[in-house]
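# Structural overview
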Amino acid sequence: MKRDDQLKRTADCLIIAIDGPVGAGKSTAARLLAKRLGYRYIDSGAMYRALSWKALRAGLDLDDEPRLRQLADETSIVLEPAGDRELIFVDGQDVGRQIREREVEQATSRISTHPSVRAVMVAHQRQIAAQGGVVMDGRDIGTVVFPDADVKFYVTARLEIRAQRRYLEAQAAGATRKIDELAEEIQLRDTRDMSRRASPLRKADGAVTIDTSDLPVSQVVDAMEAEIRRKIAAPEGDT
Ligand code: DC
């Protein structure tokens, strides 16, 4: 096979892992990057949110790990690409709107501390992405789900910028929120996500850090694409 063909084949089925804290701009960049590459975008956070939504509805104790693990085993979570966004179904019900609610958000960062719940989610994520050609974002994608991902990014931004983004998102959704309150919620989730024992959020070995604080999203995606092209063009071992 010619080297160019080989590159093309390789380039069609890469696994791109993106991790980072709340509001860093991961999902916006990941979605656009996937579109540019003709890949599928997988929002792993949405899967944890979906499970949390179901747990809250069932009135489960968020500290009852065995019961939550059982729930994870019993629950069908399906992500479906739909044009520029993704649909998410829990046991056949579209929960795309519900999983973005504040209560679900805070519950999610609690539920996702349980190792056995994570194990179910990780297995599911690996299975969805098995064929490659995916951009997956979350907190443990480059460290645990795909430690051998072809390209890894750690996306971050200053706290005030992240709070400002959340403020604008809330405004666009018709909600009025105080920036200070949003910053506090972000910090609470960051602290939980980074200090939990199971798969804490951290920069994966070999990940490239992108600080999105002062960058428009198009430049974030340009930087990612350039890094991917550099990686696939580099001879084996030359990274
Ligand atoms: O990315 P997000 O805000 O939708 O994620 C919601 C929560 O889910 C986040 O606070 C931590 C958890 N999460 C996780 O533990 N591991 C992932 N791979 C993705 C999300």
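What counts, and at which threshold
Residues numbered from 1 in each chain as written. Predicted model: local features only at pLDDT ≥ 70, side-chain atom pairs only at ≥ 80, totals over all residues. Heavy atoms only, no water. Axes fitted to C-alpha atoms, helices over the stretch in contact; angles between N-to-C directions. Helix = DSSP H or I, 4+ residues; strand = E, 2+ residues; numbered from the N terminus. Left-handed = near helix turned anticlockwise from the far one by under 90°. Contact = heavy atoms within 4.5 Å. Nonpolar A, V, L, I, M, F, W, Y, C, P; charged D, E, K, R; others polar. Salt bridge = Lys/Arg side-chain N within 4 Å of Asp/Glu carboxyl O. Core = buried A, V, L, I, M, F, W, Y, C linked by side-chain atoms within 4.5 Å. Buried < 20%, exposed > 50% of the residue type's maximum accessible area, 1.4 Å probe, protein only. Expected span 1.5 Å × (residues − 1). Arc of directions from axis to C-beta. Near = heavy atom within 4 Å. Polar contact = N/O pair within 3.5 Å; in protein donor to acceptor, adjacent residues only side chain to side chain. Pairing = 2+ DSSP bridges.

Viewed as axis vectors pointing N to C, helix H3 (residues 44–57) and helix H4 (residues 65–74) meet at an angle of 115°, and their least axial separation amounts to 10 Å. Here the hand of the crossing between H3 and H4 comes out right-handed. Every residue of H4 that contacts H3 at Leu51, Lys54 and Ala55 is listed here: Leu68, Leu71, Ala72 and Glu74. A per-class count over the contact of H3 with H4 returns 5 nonpolar, no polar and 2 charged.

Here we take up the pattern of salt bridges. Under the counting rule described, the total for this entry stands at 25 salt bridges. Arg166 is paired through a salt bridge with Glu169; the nearest N and O atoms lie 3.2 Å apart. With Arg166 and Glu169 both in helix H8 (residues 159–172) and 3 residues apart, the pair spans about one turn of that helix. Of the charged contacts, one joins Glu185 and Arg177 as a salt bridge, the two residues approaching to 2.7 Å between their closest N and O atoms. Ionic contacts of the salt-bridge type, sharing partners, join the residues Arg49, Glu105, Arg166, Glu169 and Arg189 into one network.

Before going further, it helps to spend a moment on the nonpolar core. Formed by 35 residues in total, the largest nonpolar core has its most connected members in Leu51, Ile88 and Phe146. The contact partners of Leu51, leaving out residues within four places of it in the chain, are Leu68, Leu71, Ala72, Thr75, Ile77, Ile111, Val117 and Met121. Counting residues in hydrophobic clusters, the runner-up holds 20 residues, among them Ala30, Val151, Ile210 and Ile232.

With respect to the secondary-structure elements, Pro216 resides in the loop between strand S8 (208–211) and helix H10 (217–233). Pro216 gets classed as partly exposed once you look at its relative accessible area, which sits at 42%. Along the chain, Pro216 and Ala29 lie 187 residues apart, while their C-alpha atoms are 9.9 Å from each other.

On to the environment of Leu215. Examined against the element boundaries, Leu215 turns out to sit in the loop between S8 and H10. Spatially, the C-alpha atoms of Leu215 and Ala183 are 20 Å apart, while their sequence positions differ by 32 residues. Ignoring anything within four residues of it in the chain, the contact list for Leu215 reads Ile210 and Val220.

Let us now look at helix H2 (residues 26–37). Given a rise of 1.5 Å per residue, 12 residues ought to cover 16 Å, and the 16 Å separating the end C-alpha atoms of H2 matches this to within 8%. When H2 is considered as a whole, its buried residues turn out to be Lys26, Ala29, Ala30, Leu33 and Ala34. The arc enclosing the buried residues of H2, seen along the axis, measures out at 130°, which places them on a common side. In the core, the buried residues of H2 are packed alongside strand S1 (15–19), strand S2 (40–43), strand S6 (134–138), strand S7 (151–156) and H10. Following H2 by one or two positions, Gly38 has its phi on the positive side, about 75°.

We now examine the site of the ligand. The environment of the ligand is formed by 15 residues, the closest being Arg49, Arg118, Asp140, Arg189 and Arg196. The contact in question runs from an oxygen atom of the ligand to an N or O atom on the side chain of Arg189, over 2.5 Å. Side-chain polar atom of Arg196 to an oxygen atom of the ligand: 2.8 Å apart, as the coordinates give it. Within the residue set of the shell around the ligand, elements represented by two or more residues are H3, helix H5 (102–111) and helix H9 (179–195). When residues in the shell around the ligand are grouped by element, the largest group, 4 residues, is from H3. Of the residues assigned to the shell around the ligand, the class counts are 2 nonpolar, 6 polar and 7 charged.

Right, let's talk about the sheet that holds strand S3 (residues 77–82) for a bit. Backbone hydrogen bonds are what pair the strands of a sheet, in a parallel or an antiparallel way. Taken in spatial order, the 3 strands line up as S3-S4-S5 in an open sheet, and their pairing is antiparallel. Both edges of this open sheet fall to S3 and strand S5 (93–94), since each of them pairs with a single strand only. Pairing geometry for strand S4 (residues 85–90) and S5, over 2 bridges, is antiparallel. Counted as the bridge partner of Phe89 is Asp94 from S5.

Closest axis-to-axis distance for the H8/H9 pair is 9 Å, and the angle between their directions is 115°. For the pair H8 and H9, the crossing hand works out as right-handed. On H9, the residues touching Leu159, Arg162, Ala163, Gln164, Arg166 and Tyr167 of H8 are Ile179, Leu182, Ala183, Ile186, Gln187, Arg189 and Asp190. For the contact of H8 with H9, the per-class residue count stands at 7 nonpolar, 2 polar and 4 charged.

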